[in-house]
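# A look at the structure
In case you want the letters, here they are:
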Amino acid sequence: MPTCLVVDDEEDHRDIGNILCKAMNMETVSASNGLEALDKCKEEMPDMVLLDWMMPKMDGIRFLRELRSLSGGDGVYVLITSARGDDEAKDIALRAGANAYLPKPFNPPDLMTRILDANIV
């Protein structure tokens, strides 16, 4: 069963990500910031990361760059979510190594579609 690491500093957003990923037959792991998420990736690399951009301690972009430098991190599908919905933000996220970008607030069906697009489940 594929694993999704849900990284967001807001508990409600982590809960939504976990519920949707579990509904799509994925195991889930959660982290509240990039540093915690990086530690979890070093323990066991997930198949997918649902990643918030703006977080304390280590933001999503910095986490993403660190993830891509880890052994096996280049094969992880990363979907960044952010309150920044502008094209510049999307370009920054994709250039940093994200596979997809979804502005917040998002509808659960949109997130599920993006997860299906990853071809993990």
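On a predicted model such as this, the values are computed, not experimentally measured, just so you know.

## Thoughts on unusual backbone geometry
Where the residue is not glycine, phi is negative for most of them; where a peptide bond is considered, it is trans in most cases. Cis geometry marks the peptide bond from Lys104 to Pro105, where omega comes out at -5°. With respect to the helices and strands, the residue Pro105 is situated in the loop between strand 5 (100-103) and helix 5 (108-117). Its identity as a non-glycine residue notwithstanding, Asn119 has a phi of 55°, on the positive side. The topology assignment puts Asn119 in the segment after helix 5.

## Quick look at a negative patch on the surface
On the surface, Asp9, Glu10, Glu11, Asp12 and Asp15 cluster together to form a negatively charged patch. One can find Asp15 in helix 1 (residues 11-23).

## Some points on the sheet that holds strand 4 (residues 77-82)
Read across the open sheet, the five strands follow the order 2-1-3-4-5; overall the sheet is parallel. At either end of the open sheet lies a strand with only one pairing partner, and these are strand 2 (27-31) and strand 5. Each strand of the sheet is rotated relative to its neighbour by a mean of 20°, with strand direction disregarded. Sheet topology places strand 1 (residues 3-7) next to strand 2; five bridges connect them, and they run parallel. Bridging across to strand 2, Val6 finds its partner in Ser30.

## Comments concerning the side chain of Asn18
Within the fold, Asn18 resides in helix 1. Judged by its relative accessible area of 12%, Asn18 is buried. Among the polar contacts listed, one links the side chain of Asn18 to the side chain of Ser30, at a separation of 2.8 Å. Those residues in contact with Asn18 that sit more than four places away from it in its chain are Val6, Thr28, Val29 and Ser30.

Here is what the cut-offs are and how they apply
Per-chain numbering applies: the sequence of each chain, read as written, is numbered from 1 onward. Only residues with pLDDT of at least 70 are given local features in this predicted model, and only at 80 or more are side-chain atom pairs given and counted; all residues enter the totals for whole chains, interfaces and linings. Think of the side-chain values as coming from all heavy atoms in the structure, minus any hydrogens and water. Think of it this way: any DSSP run of H or I at least four residues long counts as a helix, any run of E at least two long counts as a strand, and we number them from the N terminus. Only residues whose relative accessible area exceeds 30% and that take part in no salt bridge are eligible for patches, with like-charged residues grouped when within 9 Å of each other and nonpolar side chains (Val, Leu, Ile, Met, Phe, Trp, Tyr) grouped when within 5 Å. Residue exposure ignores everything except the shown protein chains as possible cover, and the areas themselves are Shrake-Rupley values with a 1.4 Å probe. One speaks of a salt bridge when a side-chain nitrogen belonging to Lys or Arg is within 4 Å of a carboxyl oxygen belonging to Asp or Glu. Think of it this way: Lys and Arg go in the positive column, Asp and Glu in the negative one, and His and the chain ends go nowhere. By convention, charge coordinates are those of NZ in Lys, CZ in Arg, CG in Asp, or CD in Glu. Here, a strand pair is defined by DSSP locating no fewer than two bridges between the strands. Every axis corresponds to a line fitted to the C-alpha atoms, with the helix fit spanning only the stretch in contact, and the corresponding angles, defined between N-to-C directions, vary from 0 to 180 degrees. Using a 1.4 Å probe on the protein chains alone, a residue whose accessible area is under 20% of its type maximum counts as buried, one over 50% counts as exposed, and one in between counts as partly exposed. For this analysis, a polar contact is any N or O atom pair within 3.5 Å, provided that within protein one partner can donate a hydrogen and the other can accept it, and provided that sequence-adjacent residues contribute only side-chain to side-chain pairs. Residue contacts are counted whenever heavy atoms from the two residues lie within 4.5 Å of one another.

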